[in-house]
Amino acid sequence: MLKGGAPPLLATLINDSSGGEVLSMECQMDANKVKCTCTYEPCSRKGKCCECISYHLESDELPACVFPPQVEKTYDRSIARFVKTFAHKI
Ligand code: SF4
């Protein structure tokens, strides 16, 4: 788990079970699958972005779609790798 927990908006998306407007959106799983850049084919979370993000954040990782293709294919989804990848943009 991230130190200090998930960012507030993400925590709301993951934890809010009140049936509020955010969670009443229909999942666009088919459209998400088309846009998904993850090359790990056997994953059952493909297209289920909320599950994908939650799964990776629990291990201090980020989902495949935030990495460029040459990094994504290494399956190193760590936050450290993300920072290293984009350090030149800071
Ligand atoms: S990024 Fe991770 S959880 Fe998401 S589809 Fe790929 S392997 Fe599955």
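Before any of the text, the structure's been laid out above.
On a plain count of helices and strands, the chain comes out with five helices and zero strands. When the helices and strands of the chain are listed from N to C terminus, the series reads α-α-α-α-α. Residue burial in the chain is summarised as follows: out of 90 residues, 8% are buried. A fraction of 30% describes how many contacts in the chain between residues 6 or more apart in sequence connect residues 24 or more apart.

The next point concerns the site of the ligand. Lining the immediate surroundings of the ligand are Cys38, Tyr40, Cys43, Arg45, Lys46, Cys52, Tyr55, His56, Pro63 and Ala64. Its residues placed into classes, the shell around the ligand shows seven nonpolar, one polar and two charged.

At Asp60, a position not held by glycine, the phi torsion is positive, near 55°. Tracing the chain through its elements places Asp60 in the loop between helix 3 (49-57) and helix 4 (69-72).

Our next topic: helix 3. If you check which residues of helix 3 are buried, you get Cys52, Ile53 and Leu57. The arc that holds the buried residues of helix 3, viewed along the axis, is 120°, so those residues lie on one side.

Bringing the environment of His56 into the picture now. Mapped onto the elements, His56 comes out in helix 3. The partly exposed category is assigned to His56, around which 18 C-beta atoms lie within 10 Å. In this structure the C-alpha to C-alpha distance between His56 and Ile79, which are 23 residues apart in sequence, comes to 9.7 Å. Excluding its chain neighbours within four sequence positions, the residues that come into contact with His56 are Glu61, Leu62, Pro63 and Arg77.

Each value, and the rule that gives it
Residues numbered from 1 in each chain as written. Predicted model: local features only at pLDDT ≥ 70, side-chain atom pairs only at ≥ 80, totals over all residues. Helix = DSSP H or I, 4+ residues; strand = E, 2+ residues; numbered from the N terminus. Buried ≥ 20, exposed ≤ 12 C-beta atoms within 10 Å, placed from the backbone. Contact = placed C-beta atoms within 7 Å. Near = placed C-beta within 6 Å. Nonpolar A, V, L, I, M, F, W, Y, C, P; charged D, E, K, R; others polar. Arc of directions from axis to C-beta.

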